[in-house]
Amino acid sequence: MELRDGSFRRAAWLLPHAAARVAGRGAARITAQAVGRLEGLSGAGVSRVATRISPRLAGRNPGLVKIPPEWAACVDVRREGLRLALDLRDNLQAILYYAGRYEPAMRDFLHRELRAGDVVMDVGANIGLHTLTAVRRLRGLGGGRVIAFEPADDCVRKLVATAAANGLAGSDVLEVVPVALGDRAEVADLRADSRYDVADAGVRSLSGDGEIVQQVPVVRLDDWAAEHGLDRLDVVKLDVEGAEHAALSGGRRTLTRLKPRVVPVEDKRAEGRRELHDLLAALGYHPTGQVLDHNALFRR
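Report on the accompanying structure. (Residues numbered from 1 in each chain as written. Predicted model: local features only at pLDDT ≥ 70, side-chain atom pairs only at ≥ 80, totals over all residues. Heavy atoms only, no water.)

**Quick word on the environment of Leu 280**
Our working definition: Numbered from the N terminus, helices here are DSSP runs of H or I no shorter than four residues, and strands are runs of E no shorter than two. For the exposure calls, accessible area comes from a 1.4 Å probe over protein chains only, and a residue counts as buried if that area is under 20% of its type's maximum, exposed if over 50%, partly exposed in between. In this analysis, two residues are considered to be in contact whenever any of their non-hydrogen atoms come within 4.5 Å of each other.
Among the structural elements, Leu 280 can be located in helix H11 (residues 273–282). Given the relative accessible area of 1%, Leu 280 is considered buried. Here the alpha-carbon distance between Leu 280 and Val 213, two residues 67 residues apart in the chain, equals 30 Å. Once residues lying within four places of it in the same chain are set aside, the contact partners of Leu 280 are Leu 248, Val 263, Val 265, Tyr 285 and Phe 298.

**As for the sheet that holds strand S4 (residues 145–149)**
The test is simple: Following DSSP output, two strands are said to pair if at least two bridges run between them. As a rule, the C-alpha atoms of each element are fitted with a line to give its axis, helices using only the stretch in contact, and angles between N-to-C directions run from 0 to 180 degrees.
Read across the open sheet, the seven strands follow the order S5-S4-S3-S9-S10-S12-S11; overall the sheet is mixed. The open sheet terminates on both sides in strands that have one partner only, identified here as strand S5 (174–177) and strand S11 (286–292). Taking each pair of neighbouring strands and ignoring which way they run, the sheet shows an average axis angle of 15°. Two strands pair when backbone bridges link them, and S4 and S5 are joined in this way by four bridges, in the parallel orientation. Paired with Phe 149 across the strands is Val 177, a residue of S5. Against the sheet, helix H7 (residues 153–165) engages S4 and S5, with an angle of about 165° to S5. Relative to strand S10 (residues 262–266), H11 is tilted by about 170°, and along the sheet it contacts S10, S11 and strand S12 (295–299).

**Focus: the pairing of strand S2 (residues 82–87)**
Bridge count for strand S1 (residues 74–79) against S2 is six bridges, and the pairing is antiparallel. Note that in S2 the partner of Cys 74 across the bridge is Asp 87. As consecutive antiparallel partners, S1 and S2 are separated by two residues, and within that stretch Glu 80 has a phi angle of approximately 50°, a positive value.

**Points about unusual backbone geometry**
For Asn 126, which is not glycine, the phi dihedral falls at a positive 60°. Tracing the sequence through the fold places Asn 126 in the loop between strand S3 (119–123) and helix H6 (129–141). Taking the relative accessible area as the measure of exposure, Asn 126 reaches 10% and is therefore buried. Within the chain, Asp 293 stands out as a residue other than glycine whose phi angle is a positive 55°. As for its placement among the helices and strands, Asp 293 is situated in the loop between S11 and S12. Accessibility expressed as a relative area gives 22% for Asp 293, which makes it partly exposed.

**Remarks on the nonpolar core**
To be explicit about the condition: Among the buried residues, those of types Ala, Val, Leu, Ile, Met, Phe, Trp, Tyr and Cys that are joined through side-chain atoms within 4.5 Å form a nonpolar core.
Within the largest apolar cluster, 53 residues are counted, with the highest numbers of intra-cluster contacts made by Leu 86 and Tyr 98. In terms of residue count, the dominant contributor to this core is helix H4 (residues 91–99) (seven residues).

**Observations regarding the pattern of salt bridges**
Let me state the cut-off plainly: Criterion for a salt bridge: a side-chain nitrogen of Lys or Arg within 4 Å of a carboxyl oxygen of Asp or Glu.
Going through the model one piece at a time under the given rule, you end up with 24 salt bridges. One salt bridge in this structure joins Asp 5 and Arg 48, with 3.0 Å as the shortest N-O distance. Of this pair, Asp 5 sits in the segment before helix H1 (7–23) while Arg 48 is found in helix H3 (residues 43–53), placing the two residues 43 residues apart along the sequence. Judged by relative accessible area, Asp 5 falls into the buried class, the value being 12%. Across the pair Asp 87 and Arg 89 runs a salt bridge whose closest N-O atoms are separated by 2.7 Å. Ionic contacts of the salt-bridge type, sharing partners, join the residues Glu 113, Asp 118, Arg 232, Asp 234, Arg 261 and Arg 299 into one network.

Here is the structure:
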């Protein structure tokens with residue numbers, strides 16, 4: 001569905017463009033994040049801000065005022081209760097900056113769902129926004145464990161730095177594992193998406209069509225769990241840009257043995273959806289009908 005701005009919203013979003021002409025890109029960013037944070041007060045507003053930023057969606061929504069990529073910069077801000085250093089060439093980080101929130105339904109779900117002592121696995125942790133949300137929540141509840149799988153070196157560095165900046169590093173709650181999960185052990189090419197800036201970490205994948213960002217180790221969850229003596233698993237969040245089926249396939253024994261109670265899985269691709277749902281059903285998980293910011297919720 002094409003999104004269009006009404007007269008009031010259009011006038012508000014033209015203010016940053018006027019600021020850019022008068023005072024430059026820095027003023028444009030500051031003005032745009034003020035307008036965007038008002039729009040981002042609703043979940044639909046966060047989605048609109050994301051569409052304003054996305055180069056892939058720009059042509060599909062000609063009636064929507066855009067946030068041009070030329071305004072991108074590295075900025076230090078406070079968002080979601082965290083001190084963050086954001087690179088606005090990355091869509092996730094740009095949405096967080098301009099809208100003030102990212103995937104608010106998933107964040108709210110983690111706050112509601114997590115219980116003291118839970119072991120949470122964030123597969124495809126990116127810069128760690130949901131990882132650190134879970135860490136803070138479990139610490140507040142009295143303890144637990146968050147295992148973040150993220151293969152990209154730059155994302156791992158940012159996750160670790162953000163944890164340190166917010167007093168969450170060195171915690172026995174947080175464990176960062178710099179590998180990808182798949183259905184076989186190998187070394188694979190992590191590629192950018194040609195439709196986005198190479199710095200956009202959120203759209204990188206093992207099947208991308210852009211330039212190679214780095215080579216990454218891929219392991220099976222079953223092998224990792226056996227090697228590290230994993231004996232509890234309560235929540236598995238999975239967002240790996242189309243490799244969800246492979247990651248689950250490599251963890252069949254672990255998921256069958258430990259029976260995590262809930263599995264949110266990114267589910268925005270029609271191709272492969274049936275195969276993904278069939279695998280989850282075979283593992284004992286069925287869709288609840290809830291979709292949290294493109295993440296379908298499966299429970300046992």
